[in-house]
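Residue-level listing of the chains:
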Amino acid sequence: MRYQKLKGMVDILPGESEHWQYLEAIAQQVFSNYQYHEIRTPILEQYDVFARSSGDSSDIVSKEMYDFEDKGHRHVALRPEGTAGVVRAFVENKLFGPDQTHPYKVWYKGPMFRYERPQSGRQRQFHQIGVEALGSDRPELDVETIVMACDFLKKLGLVDYKIVINTLGDQPTRKAYHEALISYLTPLKAELSADSQERLEKNPLRILDSKDEHDQELVANAPSILDYLTSAAQDHFQQVQQLLKALDIDYQIDSNMVRGLDYYNHTIFEIMLTSPAFGNKEMTLIAGGRYNGLVEELGGPQVAGVGFGMGVERLLLVLEQQQNSLPTLSRPDIYLVAVDEQTSLAVSKLLAQLRWQGISAERDYLGKKVKAQFKQADRLQARFTLTIGEQELEQQQAQLKRMQDGQQTTVDLSNLADLIAKIKKG
Ligand code: ATP
Ligand code: MG
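Residues numbered from 1 in each chain as written. Chains lettered and ligands numbered in written order. Predicted model: local features only at pLDDT ≥ 70, side-chain atom pairs only at ≥ 80, totals over all residues. Heavy atoms only, no water.

1. Concerning the pattern of salt bridges
Okay, so step 1: Under the counting rule described, the total for this entry stands at 24 salt bridges.
Okay, so step 2: Two residues, D151 and K155, come together in a salt bridge whose shortest N-O distance is 2.8 Å. With a gap of 4 residues between them, D151 and K155 both fall in helix α5 (residues 139-155), about one helical turn apart.
Okay, so step 3: For K155, a relative accessible area of 44% translates into the label partly exposed. (Salt bridge = Lys/Arg side-chain N within 4 Å of Asp/Glu carboxyl O. Helix = DSSP H or I, 4+ residues; strand = E, 2+ residues; numbered from the N terminus. Buried < 20%, exposed > 50% of the residue type's maximum accessible area, 1.4 Å probe, protein only.)

The following block contains the structure:
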């Protein structure tokens, strides 16, 4: 039996994981500046948290979910996205209550699961970092999330992105637009892809999101939702734009943009980037929007929400392609070389003492000869080596070698503080 990871799943190995830590640390810093705090919710949830009674008609929920019955015959699912779980936690923990600060602002990171066809930038287990702000329907909050997303990208050194926004309006907007879409698409039904023919019955808005090229040609001339906005929806969208302009944030409007999940309304946005990492095609890195009905759908009070999610793998593909100075494996400050078995014990002791003092230190564990130990120190890019032989032990003195230029200094082995000071000086 040859064991393999499942299709669409990826191991993140040392060397690569440093890039993840770097990206996550920047996310944490930036989000913290905007007063978003980390939330950790379970990866496994009740199936209904994602499907809900309304029956989300998106591909993500209806086709791509990893759902199954657990041993207690509960219908459960690996989360395909972060928002529904956060909102479930918000309702269950009564975070809408008076003892909390509102809007309640959180961010999360972690794996998501979608049964999709794996390809570059598309996996079955992938990772998102996302934010949610619950408890205000003001356009300032929509814009805050967009600004924060841009700030994050800038801190990563990504600046040539494109922001695309749209509005899905409110309930009456959606109802009027739904009818207009049906009138436009019904005569074209035979020409639509099989998937979209089905969508015409369930949720015609989804057809705008079709990946089928002919569908895309057909919807290019579809009525625009912007012509069906109620005055309240119009107003909200105008204010969002006004704020973006005031902050000098360039954006485009794509009235055919919908999002991959049904719960969105009002402002939606995507931040896209063209990169050689995607064969110079445009890819969405960050996507989000408002979801004012979701808290109620999950059994909570009428509380508005807005947020976004981003694909970590896709971001890293771009960063790695740009070869921005991404961190690599951490190097040891010092490598202790034991000349023979007799000094091995002393080396272990010194190693432990150095580590206890916060020095990153390493030694040989394979019984290698001195020359091979030096080779290993080079491989690890140790900043210093310290060679300890019997004579050195007797005299309590050893040679500290700075690897970068070969400079050697004699150190007193009984004076740990001095050795540490020398290592720290570099
Ligand atoms: P797409 O249209 O590319 O399928 P989506 O609408 O399904 O995207 P969202 O649900 O909005 O994507 O997820 C937000 C981000 O998560 C995406 O912009 C993308 O960067 C990332 N993402 C989504 N699905 C995958 C996947 N299968 N593998 C890797 N990253 C993904
Ligand atoms: Mg998708």
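2. Observations concerning the site of ligand 1
Okay, so step 1: Residues in close proximity to ligand 1 total 16 residues, the closest being R114, E116, R122, Q123 and R259.
Okay, so step 2: Take R114: an N or O atom from its side chain is 2.8 Å from an oxygen atom of ligand 1.
Okay, so step 3: A distance of 3.2 Å separates an oxygen atom of ligand 1 from a polar atom in the backbone of T284.
Okay, so step 4: Surface burial for ligand 1 is 90%, taken as the share of its 590 Å² of free accessible area covered by protein chains.
Okay, so step 5: At the level of secondary structure, the elements contributing two or more residues to the shell around ligand 1 comprise β6 (125-134), β10 (281-290) and β11 (305-311).
Okay, so step 6: Broken down by element, the shell around ligand 1 gets its largest block of residues, 3 residues, from β10. (Near = heavy atom within 4 Å. Polar contact = N/O pair within 3.5 Å; in protein donor to acceptor, adjacent residues only side chain to side chain. Areas by Shrake-Rupley, 256 points an atom, 1.4 Å probe, with all protein chains shown as cover.)

3. Details of the packing of helix α1 (residues 17-33) against α5
Okay, so step 1: The contact between α1 and α5 brings their axes to 10 Å, and the two run at 140°. Between α1 and α5, the angle is such that the two are oblique. Where α1 crosses over α5, the two elements pack in a sense that is right-handed. Contact with α1, carried on its side by Y22, L23, I26, A27, V30 and F31, involves M148, D151, F152 and K155 of α5 and no other residues of that element.
Okay, so step 2: For the contact of α1 with α5, the per-class residue count stands at 8 nonpolar, no polar and 2 charged. (Axes fitted to C-alpha atoms, helices over the stretch in contact; angles between N-to-C directions. Parallel < 35°, antiparallel > 145°, perpendicular 65-115°, else oblique. Left-handed = near helix turned anticlockwise from the far one by under 90°. Contact = heavy atoms within 4.5 Å. Nonpolar A, V, L, I, M, F, W, Y, C, P; charged D, E, K, R; others polar.)

4. A closer look at the sheet that holds strand β16 (residues 408-412)
Okay, so step 1: If you trace the 5 strands from one edge of the open sheet to the other, you get β13-β12-β14-β15-β16, paired in mixed fashion. Of all strands in the sheet, those bounded by a partner on one side alone are β13 (361-363) and β16. Across the sheet, the mean angle from the axis of one strand to that of its neighbour is 25°, orientation sign disregarded.
Okay, so step 2: Bridge count between strand β12 (residues 334-338) and β13: 3 bridges; the pairing is parallel. When the sheet's bridge partners are listed, I334 is paired in β13 with A361. (Pairing = 2+ DSSP bridges.)

5. Re the nonpolar core
Okay, so step 1: Within the largest apolar cluster, 48 residues are counted, with the highest numbers of intra-cluster contacts made by V87, F90, L134, L185 and L208.
Okay, so step 2: Element by element, the count of residues in this core is highest for helix α4 (residues 83-92), at 6 residues.
Okay, so step 3: Excluding anything up to four places from it in sequence, L208 contacts Y177, L181, V219, A222, N256 and V258. (Core = buried A, V, L, I, M, F, W, Y, C linked by side-chain atoms within 4.5 Å.)

6. Digging into the pairing of β10
Okay, so step 1: The element β10 is largely enclosed, with a buried count of 7 among its 10 residues.
Okay, so step 2: The pairing of strand β9 (residues 265-275) with β10 spans 9 bridges and is classified as antiparallel. If you follow I268 over to β10, its bridge partner there is G289.
Okay, so step 3: Adjacent in sequence and paired antiparallel, β9 and β10 are bridged by 5 residues, among which G279 carries a positive phi angle near 60°.

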